Amino acid sequence: MSGPGFDLARVRADFPILRQEVRGRPLVYLDSAATGQKPQAMLDALTRYYTHDNANVHRGVHILSERATQAFEDARETVRRFIHAKDVREVIFVRGTTEAINLVAATYGRKHVGPGDEVLISAMEHHSNIVPWQMVCDAAGAKLRVIPVDDRGELRMDTVDALLTEKTRLLAITHVSNALGSVNPIKELVAKAHAKNIPVLVDGAQSVTHFPVDVQDLGCDFYAFSGHKLFGPTGIGVLYGKLAMLESLPPYQGGGDMILSVTMEKTVYNRVPHRFEAGTPDMAGAVGLAAAIRYLEALGMQNVSQHDQWLLAYATDALQSVPGLKLVGTAPHKTGVLSFTLEDVHPHDVGTILDQEGICIRTGHHCAQPLMQRFGVAATARASLALYNTREDVDALVKGLHKVKEVFA
């Protein structure tokens, strides 16, 4: 497989945090599935906003408020373009994927899920796409159903048709597993669900960073992702929803921009998307997210995907040289996530020793405890790749893992 479709050295230079040494060694950051690092262009956009344009949006008649409002709404259009939504009103700014899913649970879920109904998820979901649906089902007297996962970390697609029944009110499914890297066949799943008039929510937190996403092509009713994983600021995220679906839903929170008028007797709610954006939004976060998206668009998401697959193949092969290492998640279609166990060494010990070598990975259950139980482990070590990682980063990881083995020999 060919290398990245962009100048990798120049890309690395765009991320100032990568220039530092930690514990006397060059930083090797392999934890981008938890949060991505930030390009200078995004940092500059935040500084410009706070330095020149900072004001509240949608309310003021002064020039700063006009500029802030324009920047905020321009950011909404940037997101629309990035995910290929049909209408800018289909883009709702939230705090992150977790809030986006909770928004759908609190509006669509409470409106449509009743006693005896079912919500279908998968065994590879992040807790953020499990717990809100447990809460909805508990409150409604409904049942949570689960699509199983096979030994490679792929969805058991042969079970889906039977699990989608006349009782199913929603399919909530991850696009890419944060703990395995498995890429789910969303378009096929949406087709199966829509054939039975079942709407679909997709957790896209791990997908938008690795390959192009077109929500119209996927056909899903909702799509959620976080800015901080997409090399943008923390505290900002997006819920995409089909316009007709959003317009059918009640508000999520009350106050601020979600109103048209208020009397003591009655409140008239605002139009979509503002109906779901109560209070002062994260204006700077939206501006920063838009800057991160523009950075990715300049690189080209197809090039980002090519780099991801090139480096994943190299890393998967390189890790085979480590005695006692077992990959958890070997689906043929996956992104740059390498979860593994190391024989007789606890994942936390692996992470601690690698940290002494300047290497950042994630250890634990990755907010996917049911998935860990499925594979019979309490935790894994996880190295996750991003557009700024190199083969040298992978080589450092492999060298560090050999040192872990020596320490515990």
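Everything discussed here concerns the structure shown above.
We now turn to the structure provided with this report. (Residues numbered from 1 in each chain as written. Predicted model: local features only at pLDDT ≥ 70, side-chain atom pairs only at ≥ 80, totals over all residues. Heavy atoms only, no water.)

**Brief notes about the packing of aromatic side chains**
Okay, so step 1: One pass over the full model with this rule turns up seven aromatic pairs.
Okay, so step 2: Here the aromatic rings of Phe15 and Tyr388 are separated by 4.8 Å at their centres, their planes lie at 65°, and the arrangement is edge-to-face. One end of the pair, Phe15, is in the loop between helix H1 (8-13) and strand E1 (21-22); the other, Tyr388, is in the loop between strand E17 (380-384) and helix H14 (391-407), with 373 residues separating them in the sequence. Tyr388 shares its class with Phe15; the two are buried.
Okay, so step 3: Of the aromatic side chains, those joined through ring pairs into one cluster are Phe15, Phe231, Tyr295 and Tyr388.
Okay, so step 4: Positioned above the aromatic ring of Phe375 is the side chain of Arg374, whose terminal nitrogen or guanidinium carbon lies 5.1 Å from the ring centre. (Phe/Tyr/Trp six-rings, centres within 6.5 Å; stacked < 30°, edge-to-face > 60°. Helix = DSSP H or I, 4+ residues; strand = E, 2+ residues; numbered from the N terminus. Buried < 20%, exposed > 50% of the residue type's maximum accessible area, 1.4 Å probe, protein only. Lys NZ or Arg CZ within 6 Å of the ring centre and 35° of its normal.)

**Remarks on the nonpolar core**
Okay, so step 1: Ranked by internal contacts, the top residues of the largest apolar core, which has 107 residues, are Tyr223, Val350, Leu387 and Leu401.
Okay, so step 2: Sorting elements by how many residues they give to this core places helix H10 (residues 283-299) first, with 12 residues.
Okay, so step 3: If you look at the next biggest cluster of nonpolar residues, it comprises 29 residues, including Val136, Leu201, Leu243 and Met245. (Core = buried A, V, L, I, M, F, W, Y, C linked by side-chain atoms within 4.5 Å.)

**Let's talk about the pattern of salt bridges**
Okay, so step 1: Applying the stated criterion across every chain yields a total of 21 salt bridges.
Okay, so step 2: The shortest N-O distance in the salt bridge between Arg12 and Asp393 comes to 3.4 Å. Placement of Arg12 in helix H1 and of Asp393 in helix H14 is noted, with a sequence separation of 381 residues between them.
Okay, so step 3: Classification of Arg12 as partly exposed rests on a relative accessible area of 22%.
Okay, so step 4: Where Asp355 meets Arg23, a salt bridge forms, and the shortest distance between an N and an O atom there is 2.7 Å. In this pair, Asp355 is assigned in helix H12 (residues 347-356) and Arg23 in the loop between E1 and strand E2 (25-26), connecting sequence segments 332 residues apart.
Okay, so step 5: Residue class for Arg23 comes out exposed when judged on its relative accessible area of 52%.
Okay, so step 6: Where salt bridges share partners, they join Arg25, Glu357 and Lys403 into one cluster. (Salt bridge = Lys/Arg side-chain N within 4 Å of Asp/Glu carboxyl O.)

**Describing the sheet that holds strand E9 (residues 222-226)**
Okay, so step 1: One open sheet holds the seven strands; their spatial order is E4-E10-E9-E8-E7-E5-E6, and the pairing between them is mixed. Each having just a single partner strand, strand E4 (91-94) and strand E6 (143-147) make up the two edges of the open sheet. Put simply, the sheet's adjacent strands are angled 20° from each other on average, direction ignored.
Okay, so step 2: Sheet contacts for helix H4 (residues 97-112): E4, strand E7 (168-174), strand E8 (200-203), E9 and strand E10 (237-241); angle to E9, the most-contacted strand, approximately 155°. (Pairing = 2+ DSSP bridges. Axes fitted to C-alpha atoms, helices over the stretch in contact; angles between N-to-C directions. Contact = heavy atoms within 4.5 Å.)

**Focus: the pairing of E17**
Okay, so step 1: With five of five residues buried, E17 is to be regarded as a mostly interior element.
Okay, so step 2: Across the two faces of E17 the burial is the same, with Thr380, Arg382 and Ser384 and Ala381 and Ala383 all buried.
Okay, so step 3: The sheet contact formed by strand E14 (residues 337-342) and E17 spans four bridges and is antiparallel. Residue pairing in the sheet places Val337 in a bridge with Ser384 of E17.
Okay, so step 4: Of the strand pairs in this sheet, strand E16 (residues 362-364) and E17 are connected by three bridges, and their pairing is antiparallel.

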